[in-house]
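Survey of secondary and tertiary structure
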Amino acid sequence: MFLKIFSRSLVARSTASAVVLVSVLVAVPMVVLIQSDVRNTRAELAIRAEMATRIVLDDVTNALWDLDPEEALTALSPLRSIDSFAEAVILGTHGERFAIYRRPGSAAVADGAANPAATAAAVPLTRQDRTGGSRTIGTLLVRLDTGPTDAAIRHHVLVLGGIGAVTLLLVVLGVIWATRGVTLPIAGMTRAMADLAAGDVTVTVPVRHRDDEIGRMAKALDTFRQNAIDLHIAKERAEQAVASKAKFMAAASHDLRQPAQSLLMLTAMLRATAPSPKVAESARKIEQVVMTLKQLLDELLEVSRLDAGGVTANIAVHEVADLFDALDSQYGPVARNKGLAFSVPQYRAPVLTDRVLLLRLLGNLIDNAIRYTPSGQVQVACLESGGSLIVEVRDNGIGIPEDRLDAIWEEFHQIGNPERNRDNGIGLGLSIVRRLAGVLDHPVKVRSTPGKGSVFSVTLPLAPVEPALEPMLRTEIPPAPAPAPAAIPAMVATPAPVAAPAAVAGLATLADAPAKSGEIAILVIDDDQFVLSAISMFLTTAGHRVVGASSVAQGLRAVEGGDILPDAMIADYHLSATENGLDFIDTVWHRLGLRIPAVLISGRLDGAVTARAAEMGVIVAAKPIMPDRLSALVEQMTAARPAGVGALDIAAPHKTPTI
């Protein structure tokens, strides 16, 4: 307890040190002086007692020789005048008492051995006998009382002790005052620094008025506080700027994708209906330009969302083998079309991650490896290390110089592309990887050798599993025979089937509807007239019957008025300030009593929208959607339509799309 107080309190340590030092300085000299005074006093009393015996020695000797006690007492009476005299005793040759003389009014004094407060002097009494020889006839013992002297010494000790205690108290108070004069300002500045570290810039720094070292420290701390205030203001402005940027990019995400969507559809239609090869080539080049614009727009908006904190990780347990299969399905054909060997590990283990974000992260790494590998292979490998799974994307491409390993994570930084060839990307892929790694808390590292290739590694936490299930979950998967390169079909990513929600589970599906013949009827709804016109014209050119609507009311009128019984619906999400595409799809389903396949497209989608669409079983596609992708989705949605002629065949005349 006390040690803890001393370790944390400068005042306690300084006060204790001062007390010990002053106590030693006062007590040691005092003890030495007192002991010296006692020794000197007792020595002086002993000398005085011996001198007293010399005064009465002859008379006492004669009285003892004459065996006259009264004469002996008379001979001892001069001792009364000696200070501190207590008692004189005449002893015979055998120690018997011959006479005792005390100071009048004094009590008997015990033997010196039992009474340390008395000082005695013993002198032998000698007498010449008849033969002239010296003969001892007795002993004279004189005792002096040291009580008064000791009392005086005690008085002096008390006086000196009191003076020392007062001095010690004054010293302690002075040390406490001086120490607190240092520690209190320091403690105040320490609290101010702690508050500043916690983000409170409203604290007041004490003792700034002092001109000594503490005052200068306080002024420096006050300057630091002012800098913290400035930084806080700058941080708030930066956060406001980021929020404004996020709002701007959110608006731009929708507004910029709309014309890009129109351009893609119109150029695809123009290329398909071009009257001459020259026009078709021009349309193809326009389409490539729009594709580059789409890629740049997608990646810029992705970076903006990540910087603005608009992307959060939904961590759950996922089987890593499923992730590898998805990567192989998406990037295997791309690598093989370029003449590269591509492989993923046949490994099974549960990991804690966000499936969508991790696939995007690894996909960017694989896409980057494919772009910068002229020939050879791109390989995905994995290795368990402790409680983590390290996934590596390896290639034997151009490699990265060591002095540029840190720069590759910066925006628009590319290796080996000084001419800014858009076929090699725009330089945002690794920047997005770094941001996704931060969101997922999956560290990403890179090692590379120029001319030999690069290895990017991502560390994933393994999910805890039951010991009995561990051999089953973390095992090598027997490799399946790889298909020949020529047998690999062009793959179109399609969403996994989703169970119908309870709200619409009772509705009939397209497969349950009566058969229809003729062209496919598609209802398109979008509040942007240019996008609506472009999609409608593209689908019409593809041979479908299309009815377009620019509002919910117009779309419902087309369905309820018999203008169209759609085989599929394509709906934009943002239709007005209060209406959206999912609500429109749900309304049409209930009006017709039929779950018509639908695609939801939008330039601004969030997690809640995609989650609701998944619950409804609606396919989600981001704007701008590629024409080939849209055609594939239409084919997918209407594949279950029954063939033949049925009662639901609409006899209404063919109408041109509403735009």
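About the thresholds
Residues numbered from 1 in each chain as written. Predicted model: local features only at pLDDT ≥ 70, side-chain atom pairs only at ≥ 80, totals over all residues. Heavy atoms only, no water. Helix = DSSP H or I, 4+ residues; strand = E, 2+ residues; numbered from the N terminus. Buried < 20%, exposed > 50% of the residue type's maximum accessible area, 1.4 Å probe, protein only. Contact = heavy atoms within 4.5 Å. Areas by Shrake-Rupley, 256 points an atom, 1.4 Å probe, with all protein chains shown as cover. Patch = residues over 30% accessible without salt bridge, like charges linked within 9 Å, V, L, I, M, F, W, Y side chains within 5 Å. Salt bridge = Lys/Arg side-chain N within 4 Å of Asp/Glu carboxyl O. Expected span 1.5 Å × (residues − 1). Bend = angle between axes of the 7 residues up to and from the residue. Axes fitted to C-alpha atoms, helices over the stretch in contact; angles between N-to-C directions. Left-handed = near helix turned anticlockwise from the far one by under 90°. Polar contact = N/O pair within 3.5 Å; in protein donor to acceptor, adjacent residues only side chain to side chain. Pairing = 2+ DSSP bridges. Arc of directions from axis to C-beta. Parallel < 35°, antiparallel > 145°, perpendicular 65-115°, else oblique. Nonpolar A, V, L, I, M, F, W, Y, C, P; charged D, E, K, R; others polar. Core = buried A, V, L, I, M, F, W, Y, C linked by side-chain atoms within 4.5 Å. Phe/Tyr/Trp six-rings, centres within 6.5 Å; stacked < 30°, edge-to-face > 60°. Lys NZ or Arg CZ within 6 Å of the ring centre and 35° of its normal. pLDDT = per-residue confidence, 0-100.

Structural notes on the overall build of the chain
Check the secondary structure of the chain and you find 15 helices and 20 strands. Taken over 659 residues, the chain has a buried fraction of 38%. If you take every contact in the chain between residues at least 6 apart in sequence, the share linking residues at least 24 apart comes to 70%. As displayed, the chain has an accessible area near 35200 Å², and 59% of this comes from carbon and sulfur atoms.

Structural notes on a nonpolar patch on the surface
Together, Val20, Val24, Val28 and Val32 make up a nonpolar patch on the protein surface, roughly 340 Å² of accessible area in all. By secondary structure assignment, the location of Val28 is in helix 2 (residues 10-65). Residue classification places Val28 among the partly exposed residues on the basis of a relative accessible area of 47%.

So, helix 4 (residues 147-197)
For helix 4, with 51 residues, the first-to-last C-alpha span of 70 Å sits near the 75 Å given by 1.5 Å per residue. A bend of about 30° at Arg180 is the largest found in helix 4. One or two residues past the end of helix 4 sits Gly199, with phi positive at roughly 100°.

Thoughts on the environment of Glu71
Looking at the secondary structure, you find Glu71 in helix 3 (residues 69-76). For the pair Glu71 and Val60, spaced 11 residues apart in sequence, the C-alpha separation works out to 7.9 Å. Residues contacting Glu71, with those up to four places away along its chain left out, are Ala63 and Asp66.

Some words on the packing of helix 11 (residues 529-541) against helix 15 (residues 627-637)
Contact geometry for helix 11 and helix 15: axes closest at 11 Å, N-to-C directions at 65°. As for how helix 11 packs across helix 15, the hand of that crossing is right-handed. Seen from helix 11, the contacting residues are Ile535, Phe538 and Leu539; seen from helix 15, they are Pro627, Leu630, Ser631 and Val634.

Observations concerning the side chain of Asp526
On the secondary structure map, Asp526 appears in the loop between strand 15 (521-525) and helix 11. Relative accessible area serves as the criterion here: at 1%, Asp526 is assigned to the buried category. One polar contact links the side chain of Asp526 to the main-chain amide nitrogen of Asp528, over a distance of 2.8 Å.

Quick look at the sheet that holds strand 10 (residues 388-395)
Two modes of strand pairing occur in sheets, parallel and antiparallel, and in both the strands are linked by backbone hydrogen bonds. Strand order in the open sheet formed by five strands is 6-9-10-12-11, with mixed pairing between adjacent strands. Either end of the sheet is taken by a strand with one partner, and the two such strands are strand 6 (341-343) and strand 11 (444-449). In this sheet, neighbouring strand axes are inclined to one another by 20° on average, regardless of whether the strands run parallel or antiparallel. The pairing of strand 11 with strand 12 (residues 453-461) spans six bridges and is antiparallel. In the strand pairing of strand 12, Val444 is matched with Val458.

Some words on helix 14 (residues 607-616)
Helical geometry: 3.6 residues make up each α-helical turn, so side chains three or four residues apart lie on a common side. Regarding helix 14, the residues found buried are Val609, Ala613 and Met616. Along helix 14, the residues classed as buried sweep out an arc of 60° about the axis, all on the same side. In this structure, helix 14 carries Gly607, Ala608 and Glu615 as exposed residues pointing more than 90 degrees from its buried face. Where helix 14 is buried, its residues meet helix 13 (581-592), strand 18 (594-595), strand 19 (598-602) and strand 20 (619-622). One or two positions beyond helix 14, positive phi appears at Gly617, with a value near 85°.

A look at the side chain of His544
As for its position among the elements, His544 is in the loop between helix 11 and strand 16 (545-549). If we skip the residues at most four places from it in the chain, His544 touches Glu519, Ile520, Ile522, Leu539 and Val634.

Digging into the sheet that holds strand 19
Ordered by their spatial adjacency, five strands build an open sheet running 16-15-17-19-20, and the pairing between neighbours is parallel. Each edge of the open sheet carries a strand with a single partner, namely strand 16 and strand 20. Averaged over all pairs of adjacent strands, the angle between strand axes in this sheet comes to 20°, irrespective of strand direction. Both strand 15 and strand 16 contribute to a ladder of five bridges, which runs parallel.

Some points on the packing of helix 12 (residues 552-560) against helix 13
Following both chains from N to C, one finds helix 12 and helix 13 inclined at 20°, their axes separated by 11 Å at the closest point. The pairing of helix 12 with helix 13 is recorded here as roughly parallel in orientation. Note that helix 12 runs across helix 13; the crossing there is right-handed. Across from Val552, Gly555, Leu556, Val559 and Glu560 in helix 12, the residues of helix 13 making contact are Phe584, Thr587, Val588, Arg591 and Leu592. Taken together, the residues of the contact of helix 12 with helix 13 sort by class into six nonpolar, two polar and two charged.

Examining the nonpolar core
Counting 39 residues, the largest nonpolar core has Phe342, Leu361, Leu362, Leu365 and Ile366 as its most contacted members. Looking at this core, the elements that each hand over two or more residues are helix 7 (320-337), helix 8 (355-371), strand 9 (377-385), strand 10, helix 9 (429-440) and strand 12. Among the elements that make up this core, the one with the highest residue count is helix 8 (nine residues). Ranked by size, the runner-up nonpolar core spans 27 residues in total, among them Leu556, Ala558, Trp589 and Val609.

Notes on the packing of aromatic side chains
All told, the structure shown has zero aromatic pairs when counted by the stated rule. Just above the ring of Trp589 sits the side chain of Arg595; from NZ or CZ to the centre is 4.8 Å.

With respect to the environment of Val56
Here Val56 is to be found in helix 2. Separated by 19 residues in sequence, Val56 and Ala75 place their C-alpha atoms 6.2 Å apart. When neighbours within four sequence positions are excluded, Val56 is seen to be in contact with Ala75, Leu76, Pro78, Leu79 and Leu140.

Considering the confidence of the model for the chain
Residues of the chain with pLDDT of at least 70 account for 76%, and the chain-wide mean is 76. Under a pLDDT of 50 for its full length, residues 111-116 has, in the predicted model, six contacts with residues more than four places off or in other chains.

Notes on the pairing of strand 9
Pairing geometry for strand 6 and strand 9, over three bridges, is parallel. Of the residues in strand 9, the one forming a bridge with Ser343 is Gln379. Alignment of strand 9 against strand 10, held across eight bridges, turns out to be antiparallel. Along strand 10, the bridge assignment pairs Gln379 with Arg394. Here strand 9 hands over to strand 10 after two residues, with Gly386 in that stretch at a positive phi of 65°.

Some remarks on the pairing of strand 10
Relative to strand 12, strand 10 runs antiparallel, the two being bridged by eight bridges. Directly across from Val393, in strand 12, lies its bridge partner Phe456.

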